[in-house]
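So you can see what is in the structure, the chains are spelled out below.
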Number of protein chains: 6
Amino acid sequence: MRPSGRSPDQLRSVSLETGVNKHAEGSCLVKFGDTHVLCTASIDTRVPPWLRGQGKGWVTAEYGMLPRATGQRTDREAAKGKQSGRTQEIQRLIGRSLRAITDLTAMGEMQVKVDCDVLQADGGTRTASITGAYVALALAFDHALKAGQIKTHPLTDSVAAISCGLYNGAAVLDLDYAEDSSAQADANFVLTGSGKVIEVQGTAEDVPFTRAELNQLLDLAEAGIARLTVVQAETLTAARTPA
Amino acid sequence: MRPSGRSPDQLRSVSLETGVNKHAEGSCLVKFGDTHVLCTASIDTRVPPWLRGQGKGWVTAEYGMLPRATGQRTDREAAKGKQSGRTQEIQRLIGRSLRAITDLTAMGEMQVKVDCDVLQADGGTRTASITGAYVALALAFDHALKAGQIKTHPLTDSVAAISCGLYNGAAVLDLDYAEDSSAQADANFVLTGSGKVIEVQGTAEDVPFTRAELNQLLDLAEAGIARLTVVQAETLTAARTPA
Amino acid sequence: MRPSGRSPDQLRSVSLETGVNKHAEGSCLVKFGDTHVLCTASIDTRVPPWLRGQGKGWVTAEYGMLPRATGQRTDREAAKGKQSGRTQEIQRLIGRSLRAITDLTAMGEMQVKVDCDVLQADGGTRTASITGAYVALALAFDHALKAGQIKTHPLTDSVAAISCGLYNGAAVLDLDYAEDSSAQADANFVLTGSGKVIEVQGTAEDVPFTRAELNQLLDLAEAGIARLTVVQAETLTAARTPA
Amino acid sequence: MRPSGRSPDQLRSVSLETGVNKHAEGSCLVKFGDTHVLCTASIDTRVPPWLRGQGKGWVTAEYGMLPRATGQRTDREAAKGKQSGRTQEIQRLIGRSLRAITDLTAMGEMQVKVDCDVLQADGGTRTASITGAYVALALAFDHALKAGQIKTHPLTDSVAAISCGLYNGAAVLDLDYAEDSSAQADANFVLTGSGKVIEVQGTAEDVPFTRAELNQLLDLAEAGIARLTVVQAETLTAARTPA
Amino acid sequence: MRPSGRSPDQLRSVSLETGVNKHAEGSCLVKFGDTHVLCTASIDTRVPPWLRGQGKGWVTAEYGMLPRATGQRTDREAAKGKQSGRTQEIQRLIGRSLRAITDLTAMGEMQVKVDCDVLQADGGTRTASITGAYVALALAFDHALKAGQIKTHPLTDSVAAISCGLYNGAAVLDLDYAEDSSAQADANFVLTGSGKVIEVQGTAEDVPFTRAELNQLLDLAEAGIARLTVVQAETLTAARTPA
Amino acid sequence: MRPSGRSPDQLRSVSLETGVNKHAEGSCLVKFGDTHVLCTASIDTRVPPWLRGQGKGWVTAEYGMLPRATGQRTDREAAKGKQSGRTQEIQRLIGRSLRAITDLTAMGEMQVKVDCDVLQADGGTRTASITGAYVALALAFDHALKAGQIKTHPLTDSVAAISCGLYNGAAVLDLDYAEDSSAQADANFVLTGSGKVIEVQGTAEDVPFTRAELNQLLDLAEAGIARLTVVQAETLTAARTPA
């Protein structure tokens, strides 16, 4: 029995709201239950120094949590003067996930910086971030296309992510904080809309798990991400439809 | 003529939404037009080291802007490894403003940390922050009172803030970004609900101004803050009324 | 009764000594009683990157306190690895005050960096800094004029600053440390030699104050700054007179 | 065909040398071909602050690369003033891997800090680090047991790690730098001696991969880690045998 | 021929002025020609953590240069966020030099922090700092003795320092900046009043030197420091004589 | 009697092993007894910004200690976010020592960065570093000569270093940790192969010493460095001989 009463293969209620920031070329407020992440995609006409002159673009991501996103207030990273290892790990993951579905050459020399800021956390902030970041990125590319900054849409697929874990001995989908903090194992899956694997990160928190259990987690993830992919597509269709 | 078409003494539309964070003891999303700030007040049962053992409490504030809160994306302070002088100036101002209406002795040995994070900026982020922070702080003290952490409500008054400036030679209330970036002078006023002065910060951006002009700005601010005080009171009344 | 025995509208003894650093293009050791600040103005032929190619100059300031400038030794900011919020607030104020009386276009592409280092502190270090910084800046422009780096003197007015406060219920001028640490309110005024306002910063330390009280403080400041303006002018005349 | 001429399921030559540091309680110089990592395990009688008084121990790891471990010299992290995101990611992974096979309660209140410093890099530094760190940790626990600091050996299993990847379309084991830098996908596996999964990290560098491919990589890893486990056991047996 | 016209064994004019800071327990403004250093000695009733409970005291030093102490303005270390290697080297040297003539046990558990801040630099700032720091330290111990914080004066000797160098092939005493910047070799000597060696630091800037040359430099230093020792003693006698 | 049983003028066993890093242009693992330092010399085709366009080269050094190089583990400087004053002092010394025997003009515009990383420490890490760094540097220049990057070998002499000290009242050569930690005085000498002085650093740890004692230490150093010079020459001859 899960604390939330969900069935093992049940996602939390998912919502993707676009157009939530008047400045950003693309934006999306993603909610996985009580986990809320504000994603903005910003177009920068300069690429990083190491990429200049190669005719290719770049997509990168930054991640942060508001201090009181969490149950106990956490210290502000800007005040501490550095980003934690966890923050850096997550923002590197988001960036890799987005680049894996982007044709960087089709972008030409421009950069998109995606910021994922957690307004409220209840587990799964990195998977919600990736899922919302894709929507913000797609809208930013729409914007660049309309503005003539790019000739073709550089996205080659969609991407979404979900966590799974072993909780009370059973494989469950989309861990919330109550489950996450006492799961025996925790895995994050980043898959494309076409079902291919971009990233798998499975970690035994306490007791090592078996290959069979890893497969159960992946089964759940494939089903969950298929549903997220539908929501992403519907969201983008709605956002692209003139009112 | 103001870019927004407002009259010189007209505030932008103001909204204060409470209960926007499920973890925080008090929270308020404040909107001054397109300037949106998420304020959370977090109770910490420990006071800062230099105050221990004195039987008094403390109220402090931190301020931040999401990278794409602004028209051009600004670098993330956590990534740069330090808070700018501007950020520190603003958070010190918010903290002083809140302490000026708080009876620290009535708090006993506890601390409230108020976080003001700008989700979207269009001028006046520090004044919106103070106005929303007061509401979040009041609700956090309500929470502490119910929980028996304090015996009496420590707030001695309310506090709100507004900016005024000389724009195209005329004194105007509540500058938005378009005005702020080309104003000759800019002043921020922090007043109590009872009309007293907590803080005045007037700055000639370009050409020094006269004492008469300073008085015009203060006249506008007094009227504007009186209206903000009403909205704050209505918001708190609604939040305190059982549904 | 003031701790120093001064009347409410009495400045501390003021002294401005020029030529105190053999390297700097302009220098001034300013003393407001026991508050001593060494101000040097350094000409840099390069402007900041964001101003290049615009044909304009820049004036900026940095502020510091020697560790034992204060009654209790304070930790050295260079050793702590960062400047405090207070330091940044003060140096931003000094820079703004100097730029408000400088015709940046008349400077052409050059920069003046003014360093204000407090050798001994007894209250009012920021106002003494501004008052001395003006003298150092004026001398540095004299130097640039003689050296043919600029064609006209870019200063459009003079600038000086003084603090006022409510101490034991009365408005008093030029707070020393004994007064500053127990004043109910504290305001810093930066005015031009011609009596216009560059900056007003009034803060209720404890109890909010009235508009009438703010006006009393401003009355005192106007009179005090008129006297500082005379001392500045006399000092510059003496410094410019060949021995 | 692999650049090194190895068959797809062939490890590089593996060597584990113990007793390479006269101060450390446990030490191991691990070589996976031209990748050389010096691992030392240091016993600290104090646990981290957040664990004090709980009667449990802690195992943590730090990772570094000498500047010229790499083909092009990389800047020294100590000189840059911060550890990269990559470094933090790796050292967190090593720590988690070691804790997954350690009975922290059996340790009592003590800490082991394992340092993995790459003397020479040729791909696979994180997997070599984990493989050598286990040996250093085991020897440090031997030392603590002899010294009477612990009553029972806290290791519940062994741990080793290996990378696999898709190179020129084929699944291959133990990527060296030449392969790593042009692989389509790259996965690191951390398994116990008994074959259970501690951590799986699979990343599509360029093109997303299929679930079938992920399974091929895991097959290779299971076989490779089985061989590493034998070498670890032989190394420890030799080290524990009196000369 | 020296740029200043001094003979090879001639010191610059030396002045030691005490009582230059109203807060510090001991203070001395030392001038070696145009090199001016403000030295303050601050008593702290706490010793560093690693020395607590051992009944011994500690003497430490910090060194800094005002940005325009030098011919070209140097960036402020507090603004850069770290102290240079040179700064750290010098402040470590000052601290060691002072501790070598202090009976730390006679101090009991207290600490003296000596700050040496260069107001104007013209070569030899470290040697002037040590020479002035001794006077400030001696006066701080006088203060502690009068206040009953210590029972006996903990200084066992005096200490002074001077630089020597090979300039245009000749050994010369007390290098100024013009000499220092083109000397072939440069040596700093820290000797006690009784003529013993506390520290010798000789460096070939360009061409290695001979042992005979090192001896010439030491001859000069012994004579120079004997004279500094007399000035120190006279200064302290005057400072200790009631007016 | 020395703890190691060595005679006062006896070096520890010295070994210099070349070719220990497959990437570096020059490398040397130097051992002074149980002190082991890995030295690599890396050629960089760019000189530092302040040297560009002058047709000259630069040699610089960095120094580090692995955390468990020492008897007690020391915190990793990369994790603390800054290099200690001691580290900076040592790496500046190594760089100066190498430049004193290098004809920077003969290098042309290129830079060599020498990294000295202490794998195991037992006293004398800075002198071992200099002695090994010379060998690595010489081999890097050999490499550049063969590659046609330079026309002539820029080394004008060899350099080696050794420590001496007063231990139990007697002058002894090449202090190990047991001696170093209880020596009354400690001196490091950096001499050329031809016997000239590059650097002398003598420090009284506790009791000041006499000029006669300084001379005794220098006598020992001259003899010790003569022997190190022979070992360096033999090592380079062997390394340069085709197998």
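What you see is a predicted model, and the numbers here were worked out from it, not measured in a lab.

Here is what the cut-offs are and how they apply
- Residues numbered from 1 in each chain as written.
- Chains lettered and ligands numbered in written order.
- Predicted model: local features only at pLDDT ≥ 70, side-chain atom pairs only at ≥ 80, totals over all residues.
- Heavy atoms only, no water.
- Helix = DSSP H or I, 4+ residues; strand = E, 2+ residues; numbered from the N terminus.
- Rg over C-alpha atoms; globule rule 2.2 N^0.38 Å.
- Buried < 20%, exposed > 50% of the residue type's maximum accessible area, 1.4 Å probe, protein only.
- Contact = heavy atoms within 4.5 Å.
- Areas by Shrake-Rupley, 256 points an atom, 1.4 Å probe, with all protein chains shown as cover.
- Pairing = 2+ DSSP bridges.
- Axes fitted to C-alpha atoms, helices over the stretch in contact; angles between N-to-C directions.
- Salt bridge = Lys/Arg side-chain N within 4 Å of Asp/Glu carboxyl O.
- Parallel < 35°, antiparallel > 145°, perpendicular 65-115°, else oblique.
- Left-handed = near helix turned anticlockwise from the far one by under 90°.
- Nonpolar A, V, L, I, M, F, W, Y, C, P; charged D, E, K, R; others polar.
- Buried area = accessible area lost by both parts, 1.4 Å probe.
- UniProt positions renumbered as here; feature names shortened; annotations may be inferred.
- Phe/Tyr/Trp six-rings, centres within 6.5 Å; stacked < 30°, edge-to-face > 60°.
- Least-squares fit on C-alpha atoms with pLDDT ≥ 70 in both.
- Expected span 1.5 Å × (residues − 1).
- pLDDT = per-residue confidence, 0-100.
- Polar contact = N/O pair within 3.5 Å; in protein donor to acceptor, adjacent residues only side chain to side chain.
- Disulfide = S-S within 2.5 Å.

J.: What am I meant to see in the overall build of chain A here?
T.: Secondary structure assignment for chain A yields 6 helices and 9 strands. Relative to a compact globule of 243 residues, whose C-alpha radius of gyration would be 18 Å, chain A shows 18 Å and is just as compact. Its C-alpha atoms give chain A principal-axis dimensions of roughly 55 × 40 × 35 Å. Scored against the burial criterion, the 243 residues of chain A give a buried share of 62%. Partitioning the intrachain contacts of chain A with sequence separation of at least 6 by distance along the chain shows that 70% fall at a separation of at least 24. Carbon and sulfur atoms make up 50% of the accessible area of chain A, which totals about 9,000 Å².

J.: I'm lost on the sheet that holds strand S4 (residues 58-65) of chain C in this one. Help?
T.: Two modes of strand pairing occur in sheets, parallel and antiparallel, and in both the strands are linked by backbone hydrogen bonds. All names here are of chain C. Pairing within the open sheet is mixed, and its 5 strands lie in the order S1-S2-S3-S5-S4. Only two strands of the sheet have a single neighbouring strand rather than two, namely strand S1 (14-18) and S4. Ignoring which end each strand starts from, the neighbouring axes of this sheet average 20° apart. Inspection of the sheet shows S4 paired to strand S5 (residues 111-120) by 8 bridges, in the parallel sense. For Thr 60, the partnering residue across the bridge sits in S5 and is Lys 113. The sheet contacts of helix H2 (residues 85-99) involve S4 and S5, and relative to S4 the element is tilted by about 145°.

J.: What am I meant to see in the pattern of salt bridges here?
T.: Once their charged atoms are close, side chains differing in charge can pair, the charge on each being opposite to the other. Counting across every chain of the model gives 128 salt bridges over all chains. Three or more residues are tied together by salt bridges with common partners; here these are Lys 22 of chain A together with Arg 2, Arg 6, Arg 12, Asp 34, Asp 122, Asp 174, Asp 176 and Glu 179 of chain B.

J.: What is the right way to look at the packing of helix H4 (residues 125-146) of chain B against helix H6 (residues 211-240) of chain B in this model?
T.: A pair of packed helices can be characterised by two numbers: the angle between their axes and the separation between those axes. All names here are of chain B. Axis separation between H4 and H6 bottoms out at 11 Å; the angle between their running directions is 30°. In terms of orientation, H4 lies roughly parallel with respect to H6. For the pair H4 and H6, the sense of crossing is right-handed. Counting all contacts with H4, which are made through Thr 131, Tyr 134, Val 135, Ala 138, Leu 139 and Asp 142, the residues of H6 involved are Leu 228, Gln 232, Thr 235, Leu 236, Ala 239 and Arg 240. Within the contact of H4 with H6, the residues separate by chemical class into 7 nonpolar, 3 polar and 2 charged.

J.: Got a minute to help me understand the interface of chain A and chain B in this structure?
T.: By convention, interface size is frequently given as the accessible area that disappears when the constituent parts associate. Contact with chain A, which involves 37 residues of that partner, is made by 37 residues of chain B. Taken over both partners, the interface formed by chain A and chain B buries close to 2,800 Å², and the fraction arising from carbon and sulfur atoms is 45%. Counting every contact that joins chain A to chain B gives 15 salt bridges. When residues of the side of chain A that touches chain B are traced back to their parent elements, those giving at least two are strand S3 (35-44), strand S4 (58-65), helix H1 (77-80) and strand S5 (111-120) of chain A.

J.: Explain the UniProt feature "binding site: phosphate" (unreviewed entry) in chain A here, please?
T.: Residues and elements named next belong to chain A. Under the UniProt annotation, "binding site: phosphate" (unreviewed entry) lies at Arg 86, Gly 124, Thr 125 and Arg 126. Considering the C-alpha atoms alone, the annotated residues occupy 41 residues of sequence yet fold into one spot, their largest mutual distance being 13.3 Å. Following the sequence through the fold, Gly 124 ends up in the loop between S5 and helix H4 (125-146). The residues touching Gly 124, leaving out its near neighbours within four places in the chain, are Arg 12, Thr 35 and Leu 175. Considering the arrangement of structural elements, one finds Arg 126 in helix H4. Leave out the neighbours within four places in its chain, and Arg 126 touches Ile 90, Leu 93, Asn 188 and Gln 201.

J.: Help me out: how do you make sense of the pairing of strand S5 (residues 111-120) of chain F in this one?
T.: It is a general feature of regular strands that their side chains alternate between the two faces of the sheet. Residue and element names in this part refer to chain F. Across the 10 residues of S5, 10 count as buried, placing the element largely inside the fold. Of the pairings in the sheet, the one linking strand S3 (residues 35-44) to S5 comprises 9 bridges and is antiparallel in character. Counted as the bridge partner of Ala 41 is Val 114 from S5.

J.: Any chance you could explain the packing of aromatic side chains here in plain terms?
T.: Centre-to-centre distance and the angle between the planes together describe a pair of aromatic rings. Across all of its chains, the model carries 6 aromatic pairs over all chains by this definition. Ring centres 4.8 Å apart and planes at 85° place the aromatic pair Trp 50 of chain B and Trp 58 of chain B in the edge-to-face group.

J.: Explanation requested: the sheet that holds strand S3 (residues 35-44) of chain D in the structure shown.
T.: Residues and elements named next belong to chain D. Strand order in the open sheet formed by 5 strands is S1-S2-S3-S5-S4, with mixed pairing between adjacent strands. The sheet is open, and its two borders are formed by strand S1 (14-18) and strand S4 (58-65), each paired with just one other strand. Looking at each pair of strands side by side, their axes are set apart by 20° on average, direction ignored. Sitting on the sheet, helix H2 (residues 85-99) is in contact with S4 and strand S5 (111-120), with an inclination near 145° to S4.

J.: Is there a simple way to explain the relation of the copies chain A and chain B in this structure?
T.: Relating one copy of the chain to the other takes a rotation about an axis and a shift parallel to that axis. Between chain A and chain B, which share one sequence, the superposing operator has a rotation angle of 180° and an axial displacement of 0.0 Å; the RMSD is 0.0 Å. Classification of the inter-copy transformation places it as that of a two-fold axis. Most of the interface of chain A is mirrored in chain B, where 100% of its interface residues are also at the interface.

J.: Would you take a moment to explain the UniProt feature "domain: Exoribonuclease phosphorolytic" (unreviewed entry) in chain A for this structure?
T.: Residue and element names in this part refer to chain A. UniProt records the feature "domain: Exoribonuclease phosphorolytic" (unreviewed entry) for residues 10-140 and 158-223 in the present numbering. The span residues 10-140 is 30% helix and 31% strand, and its two end C-alpha atoms sit 31 Å from each other. Between the end C-alpha atoms of residues 158-223 there is a gap of 15 Å, over a span that is 26% helix and 44% strand.

J.: Explain the side chain of Thr 127 of chain F to me, please; I cannot follow it from the model alone.
T.: For Thr 127 of chain F, the location among the structural elements is in helix H4 (residues 125-146). Filtering out sequence-adjacent residues up to four positions away, Thr 127 of chain F remains in contact with Phe 32, Ala 161, Ile 162, Ser 163 and Asn 188 of chain F.

J.: Would you mind showing me how to read the arrangement of the chains here?
T.: Separated in space, chain A and chain E share no contact, their closest pair of C-alpha atoms being 11 Å apart. There is a clear gap between chain B and chain F: no contact, and 11 Å between their nearest C-alpha atoms.

J.: How should I be thinking about the environment of Glu 89 of chain A in this particular structure?
T.: Tracing the backbone shows Glu 89 of chain A in helix H2 (residues 85-99). Not counting residues within four places of it along the chain, the set of residues in contact with Glu 89 of chain A comprises Glu 89, Arg 92 and Arg 96 of chain D.

J.: Would you mind showing me how to read helix H4 (residues 125-146) of chain D here?
T.: Structural remark: α-helix, 3.6 residues per turn; residues separated by three or four positions point the same way. Residues and elements named next belong to chain D. For H4, built from 22 residues, the straight-helix expectation of 32 Å at 1.5 Å per residue is met to within 8% by its first-to-last C-alpha distance of 31 Å. The buried fraction of H4 amounts to 19 of the 22 residues, a majority that puts the element mostly inside the structure. Residue Gly 148 follows H4 closely and has a positive phi angle near 75°.

J.: Please clarify how the confidence of the model for chain A should be interpreted in this entry.
T.: In low-pLDDT segments, the atomic positions of the prediction should not be examined closely. In the predicted model, chain A carries a mean pLDDT of 96, and the fraction of residues at 70 or more is 100%. The ipTM, which scores confidence in the relative placement of chains, is 0.95 for this predicted complex, and the corresponding pTM is 0.92.

J.: Honestly, the side chain of Thr 192 of chain C in this entry has me stumped. Any pointers?
T.: Counting through the fold element by element, Thr 192 of chain C comes out in strand S8 (residues 185-192). On the basis of relative accessibility, which here comes to 2%, the residue Thr 192 of chain C falls in the buried class. At 3.4 Å, the side chain of Thr 192 of chain C forms a polar contact with the side chain of Asp 157 of chain C. With residues near it in sequence (within four places) discarded, Thr 192 of chain C still touches Pro 208 of chain B together with Ile 101, Asp 157, Ser 158, Val 159, Ile 198 and Ile 225 of chain C.

J.: Help me understand unusual backbone geometry, please; the structure alone is not making it clear to me.
T.: Peptide bonds are trans in most cases, and residues, glycine excluded, mostly fall at negative phi. All names here are of chain A. Residues other than glycine seldom take positive phi values, yet Asp 174 does so here, at roughly 60°. You can see Asp 174 is positioned in the loop between strand S7 (170-173) and helix H5 (177-180). The class for Asp 174 is buried, based on a relative accessible area of 0%.

J.: Got a minute to help me understand the environment of Thr 102 of chain F in this structure?
T.: All names here are of chain F. Note on placement: Thr 102 falls in the loop between helix H2 (85-99) and helix H3 (104-107). For the pair Thr 102 and Asp 115, spaced 13 residues apart in sequence, the C-alpha separation works out to 17 Å. Ignoring anything within four residues of it in the chain, the contact list for Thr 102 reads Val 59, Met 107, Leu 137, Phe 141, Pro 154, Leu 155 and Thr 156.

J.: Got a minute to help me understand the state of the cysteines in this structure?
T.: Here is the idea: a disulfide is a covalent bond, and it sits between the sulfur atoms of two cysteines. All names here are of chain A. All chains considered together, the criterion is met by 0 disulfides over all chains. For the unlinked cysteine Cys 28, the closest cysteine sulfur is that of Cys 39, found at 5.7 Å. On the basis of relative accessible area, Cys 28 is assigned to the buried category, the value being 0%. The structure places no disulfide on Cys 39, whose sulfur is separated from the nearest cysteine sulfur, that of Cys 116, by 4.0 Å.

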